[in-house]
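A closer look at the structure
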Amino acid sequence: MLGATGAIGRAAVGALARDGWEVTAASRGGGRAGEEVEGVRSVALDRDEEGALAGALGGGCDVLVDMVAFGGEHARQVAGLADRIGSAVVISSGAVYADGRGRSFDTQEEPDGFPRYPVPIPETQPTVPPGDASYGTRKVALERELLAAGDALPVTVLRAGAVHGPHCRTPRELYFVKRLLDGRKRRVLAYGGGSRFHPVHVSNVAELIRLAAARPGTRVLNAADPQAPSVAEIAAAIDGVLGRETETVPVDGAPPRAGVGDTPWSVPHPVVYDMAAAERELGYRPLTGYAASLPETVDWLAGRLAGRDWREAFPKMLRGYGENLFDYAAEDAWLERYDRGRR
């Protein structure tokens, strides 16, 4: 398994080992991949070093699980070793999808740029063109080159939703957890708090990996939780886990200014994935739902934040969302004007 110490990797290592697989858990640092499970061997591996992956495969493997494949180069690397790989399971992203006008996550900064997808989104939905321009286009390039390997390498591509769970490096739940721990009593939610951006818990992705490993084939499947809660429902659920009460101030339409009401789930149109194909082809049944999984995630987040600046604890969140993620001064200034306007 490549990328075994990430959030999905840790869950998948345990799921496969408990299913009887002998798992080699590979990561750049070679650290322990989650819980101690019999039959797991951890190794250090940088796939971008010439010959490193081929050397690690040795005489071959029954299944290669690849959490960190990205772009055509990695696809060609894996396909070039097809004679030593029985089948592959590769993580992609819902960011590959385009709507009927060709809009995708990549175009959302343009006026009226955010896609308007069908609800739910099937795997047959068009994708952005392959290329090197963005995250989505590179994931499409990865998918197409792997799928082109055909009979030489059966590959299951999993298009993941908004990943959540312990050890996630970009935990969206941080947005609400930190506010509660900081004593914030009010929150501003754009789009009336009704945004839906379909999440997927790491254990549910791991279950899809486990099932696909046991049933090799060439297919593309969505990976998502059984529910797609609204951002207001997510906020209320996190309140419940921490035993807090927060006043929600809904805003019609887009965030009123940078740093105000723009959560990591805030989208003008719903993003909801269809899971019927995974149920049909793999017999998939989710292991958990969003609300049920939250206590473990919130506890992990609170532990990571204890005595640390959020930017140190979660540097990828800073790179992905910027300093405005917790701009309390901007929020307070906007709320003051909002309160004056209601008098």
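The structure under discussion appears in the preceding block.
Residues numbered from 1 in each chain as written. Predicted model: local features only at pLDDT ≥ 70, side-chain atom pairs only at ≥ 80, totals over all residues. Heavy atoms only, no water.

Here we take up the overall build of the protein chain. The helix and strand inventory of the protein chain stands at 12 helices and 10 strands. Whereas a compact globule of 343 residues would reach a radius of gyration of roughly 20 Å, the protein chain reaches 21 Å, a difference of no more than 12%. If one aligns the C-alpha atoms of the protein chain with their principal axes, the spans along those axes are about 75 × 45 × 35 Å. Taken across its 343 residues, the protein chain has 53% of its residues classed as buried. Contacts in the protein chain between residues far apart in sequence, at least 24 positions, make up 76% of those at least 6 positions apart. In the protein chain, 40 side chains carry a positive charge and 46 a negative one; their mean positions are 4 Å apart. (Helix = DSSP H or I, 4+ residues; strand = E, 2+ residues; numbered from the N terminus. Rg over C-alpha atoms; globule rule 2.2 N^0.38 Å. Buried < 20%, exposed > 50% of the residue type's maximum accessible area, 1.4 Å probe, protein only. Contact = heavy atoms within 4.5 Å. Lys, Arg positive; Asp, Glu negative; His and termini not counted. Charge placed at Lys NZ, Arg CZ, Asp CG, Glu CD.)

Okay, helix α6 (residues 202-214) next. Side chains three or four residues apart in an α-helix point the same way, a direct result of the helix having 3.6 residues per turn. Look at α6: 19 Å from first C-alpha to last across 13 residues, which is about the 18 Å you get at 1.5 Å a residue. Of all 13 residues in α6, 11 are buried, a share of seventy percent or more. (Expected span 1.5 Å × (residues − 1).)

What follows deals with the nonpolar core. Ranked by internal contacts, the top residues of the largest apolar core, which has 77 residues, are Phe176 and Ile209. Per-element tally for this core: the top contributor is α6, with 8 residues. Each residue touching Ile209, except ones within four places of it in the same chain, is listed here: Ile8, Ala12, Leu16, Val65, Met67, Val89, Ile91 and Leu158. Leu2, Ala69, Val78 and Val155 belong to the second largest nonpolar core, which has 22 residues in total. (Core = buried A, V, L, I, M, F, W, Y, C linked by side-chain atoms within 4.5 Å.)

Here we take up the layout of surface pockets. Taken as a whole, the second largest pocket encloses approximately 410 Å³ of empty space. Lining the second largest pocket are 20 residues; nearest its centre among them are Met1, Glu22, Thr24, Cys61 and Val63. Sorting the residues of the lining of the second largest pocket by element identifies β1 (23-27), α2 (52-57) and β3 (61-66) as the ones contributing at least two each. In terms of residues, the lining of the second largest pocket owes the most to one element, β3, which gives 5 residues. Classifying every residue of the lining of the second largest pocket by side-chain character gives 15 nonpolar, 2 polar and 3 charged. (1 Å grid on protein atoms, 1.4 Å probe; cavity = no way out; pocket = protein on both sides within 12 Å on 5 of 7 lines; lining within 4 Å. Points joined across faces, edges and corners; volume = space filled by probe spheres on them. Nonpolar A, V, L, I, M, F, W, Y, C, P; charged D, E, K, R; others polar.)

What follows deals with empty space enclosed by the protein. Summed over all chains, the structure comprises 1 cavity of 30 Å³ or more. Roughly 40 Å³ of volume is contained in the largest cavity. Mapped by element, the contributors of at least two residues to the lining of the largest cavity are α5 (174-181) and β7 (186-189). Counting residues per element, the lining of the largest cavity draws most heavily on α5, which supplies 3 residues. Here the lining of the largest cavity is composed, by residue class, of 2 nonpolar, 1 polar and 5 charged.

Looking now at unusual backbone geometry. With an omega dihedral of -5°, the bond running from Val119 to Pro120 counts as a cis peptide bond. Along the chain, Pro120 falls in the loop between β4 (85-93) and α4 (135-147). Phi is positive for His167, close to 75°, though the residue is something other than glycine. Assignment of secondary structure puts His167 in the loop between β6 (162-164) and α5.

Within the fold, Ala291 resides in helix α9 (residues 290-305). Using a relative accessible area of 51% as the deciding quantity, one classes Ala291 as exposed. Distance from Ala291 to Ala236, taken between C-alpha atoms, is 9.9 Å for residues 55 residues apart in sequence.

This part covers the pattern of salt bridges. For the structure shown, the criterion picks out 20 salt bridges. Of the charged contacts, one joins Arg28 and Asp46 as a salt bridge, the two residues approaching to 3.7 Å between their closest N and O atoms. In this pair, Arg28 sits in the loop between β1 and β2 (40-44) while Asp46 sits in the loop between β2 and α2, placing the two residues 18 residues apart along the sequence. A relative accessible area of 62% places Arg28 in the exposed class. You can call Asp46 partly exposed: its relative accessible area is 24%. Between Arg47 and Asp66 there is a salt bridge, with its nearest N and O atoms 2.8 Å apart. (Salt bridge = Lys/Arg side-chain N within 4 Å of Asp/Glu carboxyl O.)

Another point: the pairing of β7. What you see with β7 is no split at all: Arg186 and Val188 on one side and Arg187 and Leu189 on the other are buried throughout. The sheet contact formed by β7 and strand β10 (residues 247-250) spans 4 bridges and is parallel. Directly across from Arg186, in β10, lies its bridge partner Glu247. (Pairing = 2+ DSSP bridges.)

This brings us to the sheet that holds β3. Pairing within the open sheet is parallel, and its 4 strands lie in the order β3-β4-β5-β9. Every interior strand has two partners, whereas the edge strands, β3 and β9 (219-223), have only one. Taking the axes of each pair of neighbouring strands and ignoring which way they run, one obtains an average angle of 20° across the sheet. Relative to β9, strand β5 (residues 155-160) runs parallel, the two sharing 5 bridges. Within β9, the position partnered with Thr156 by the bridge is Arg219. (Axes fitted to C-alpha atoms, helices over the stretch in contact; angles between N-to-C directions.)

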